[in-house]
Amino acid sequence: MQCQLRKNFTATQIKMQGKNIRKTVFASRLRSFMASKSLTQMQLQEMSGISQGAISDYLKGKSEPKAAALYQLSRIFGVSMDCLWGVTDEANAEPLLKAQQEITRLKSKLRSARKTLEGAYSLALEALELEEEKENVK
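The present account deals with the structure reproduced in this document. (Residues numbered from 1 in each chain as written. Predicted model: local features only at pLDDT ≥ 70, side-chain atom pairs only at ≥ 80, totals over all residues. Heavy atoms only, no water.)

**A word on the overall build of the protein chain**
For the protein chain, the helix and strand inventory stands at seven helices and zero strands. Traced from its N-terminal end to its C-terminal end, the protein chain shows the element sequence α-α-α-α-α-α-α. In the protein chain, buried positions account for 32% of the 138 residues. At a minimum sequence separation of 6, the contacts of the protein chain that also span at least 24 residues come to 60%. Only carbon and sulfur atoms are counted for the fraction: they give 53% of the accessible area of the protein chain, which is about 9,100 Å². (Helix = DSSP H or I, 4+ residues; strand = E, 2+ residues; numbered from the N terminus. Buried < 20%, exposed > 50% of the residue type's maximum accessible area, 1.4 Å probe, protein only. Contact = heavy atoms within 4.5 Å. Areas by Shrake-Rupley, 256 points an atom, 1.4 Å probe, with all protein chains shown as cover.)

Encoded structure:
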């Protein structure tokens, strides 16, 4: 994915303007990358492990991510941390990035499947208990 600046911010302007512009550029880029992958905040939370509240704050420009969260987001979107942060216009994605993204996506699906299976297992146990109670009543 090509890293593109929004609202005509250049990397030089970002370096010169400081934290507020950096938050704004980061929020803009995060929003843009989320839209390009049609991701909601909740889906991004599941994929990244970053809380939905933190993602919301990033999108509003209220806060900025720590390095670990920035790294995780850059991997999900297939861009460099510098691109996502607004330091450069170049994505410079690593060759193994697509495989890492696929692993992240599959982990998210596995977590969802596990929750579904755990729910089904609980329902099956309840059904067995009800059957046993009925047999004991007879």
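**Structural notes on helix 3 (residues 41-48)**
Within the span of helix 3, buried status applies to Leu44, Met47 and Ser48. Summarising the axial view, the buried residues of helix 3 lie within an arc of 85 degrees, below the 170-degree limit, and thus occupy one face. One or two positions beyond helix 3, positive phi appears at Gly49, with a value near 80 degrees. (Arc of directions from axis to C-beta.)

**Side note on the pattern of salt bridges**
What the rule picks out here adds up to two salt bridges. One salt bridge in this structure joins Glu118 and Arg114, with 3.0 Å as the shortest N-O distance. Of this pair, Glu118 and Arg114 both sit in helix 7 (residues 97-137), separated by four residues, roughly a single helical turn. Taking relative accessible area as the criterion, Glu118 reaches 41% and is therefore assigned partly exposed. (Salt bridge = Lys/Arg side-chain N within 4 Å of Asp/Glu carboxyl O.)

**Some details on the environment of Ile76**
Summarising the element assignment, Ile76 is placed in helix 5 (residues 67-77). Residue classification places Ile76 among the buried residues on the basis of a relative accessible area of 3%. In this structure, the C-alpha to C-alpha distance between Ile76 and Gln101, residues 25 residues apart in sequence, is 5.4 Å. Setting aside anything within four residues of it in sequence, one finds Ile76 in contact with Lys37, Leu39, Leu44, Met47, Ser48, Gln101 and Thr104.

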